[in-house]
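Observations on the model geometry
Take a look at the letters that make up each chain.
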Amino acid sequence: EARAKLRERLKGRHYIRPGFTVDVVDVMVIPQPAGALAAHMVAQGKLDRSEQIRPNELALVVDPGHFSIDWVAYRRGFKTDAAGSTQTAGEVIVQAAARELSTEHGAKVYAEDLERAILDGATTVAAGKKDVSYQAALEYQAERIIDANLRVIRASVRQLDDGQGLKVILITGGSAKLFEVPLTKAFPQSRIVVVKDSVMANARGFYQTALMQQGNQSAA
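Values in this document were obtained by computation on a predicted structure and should not be read as measured data. (Residues numbered from 1 in each chain as written. Predicted model: local features only at pLDDT ≥ 70, side-chain atom pairs only at ≥ 80, totals over all residues. Heavy atoms only, no water.)

The full count for this structure, using the stated rule, is zero aromatic pairs. Between K108 and the ring centre of Y110, over which it is positioned, the NZ or CZ distance is 5.6 Å. (Phe/Tyr/Trp six-rings, centres within 6.5 Å; stacked < 30°, edge-to-face > 60°. Lys NZ or Arg CZ within 6 Å of the ring centre and 35° of its normal.)

Here we take up a nonpolar patch on the surface. Taken together, the side chains of L6, L10 and V29 make up a nonpolar region of the molecular surface, amounting to roughly 200 Å² of accessible area. Within the secondary structure layout, L6 lies in helix 1 (residues 2-10). L6 sits in the partly exposed class, given a relative accessible area of 37%. (Patch = residues over 30% accessible without salt bridge, like charges linked within 9 Å, V, L, I, M, F, W, Y side chains within 5 Å. Areas by Shrake-Rupley, 256 points an atom, 1.4 Å probe, with all protein chains shown as cover. Salt bridge = Lys/Arg side-chain N within 4 Å of Asp/Glu carboxyl O. Helix = DSSP H or I, 4+ residues; strand = E, 2+ residues; numbered from the N terminus. Buried < 20%, exposed > 50% of the residue type's maximum accessible area, 1.4 Å probe, protein only.)

Let us look at the pattern of salt bridges. This structure, assessed with the given rule, holds ten salt bridges. Between R116 and D120 there is a salt bridge; the shortest N-O distance is 3.4 Å. Highlighted residues: R116 and D120, both in helix 4 (residues 111-120), separated by four residues, approximately one helical turn. D120 sits in the exposed class, given a relative accessible area of 53%. A salt bridge links D197 to R204; its shortest N-O distance comes to 3.2 Å. Residue R204 is classed as partly exposed on the basis of its relative accessible area of 31%. A cluster of three or more residues bridged by salt bridges with shared partners is formed by R54, E57 and R191.

Shown next as structure tokens:
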């Protein structure tokens, strides 16, 4: 019902600014991480075999962003009944890591400064008058977040497991690299793959999905 309402709300003419309108003819509503999988599948021919999703394999796409962790299972198509979302992700990790660093070094580390350091690719953040390394604190907090959500994530894919196990975990989103180690520890029997250019992967995949849908409609 929610998807149907969203489709109707988005279809039609949208007035962006004076002299510029956009006509939306049709709308598809798909799970957030589905875009990243579409982008990954388009690039499969250029990937190592260990990074490819093979036919009949059960895969899980995990998208840890700033405000939420979203996931969806895939095997010969998206399994929307094996999808979910939690509101503990990048922002929560940054705040917790900032508190941990403040306690460890006896000087205030601001979450805003830590987030900027991460975005800029810096390896240290200001703690009072000195600069300190933050990577270990971030990884520890990311591992805590994954541990807290493992039961829900595993329950999503357990019903699809046919005894062959979860073969691939595809990680995308702005916090993809941060969750690579915790997910590797949590799923030691699965191949862990970080999507290329993970920050923009969903957007690329949504575009490819729309192109394919448009082509299917034209063919029909």
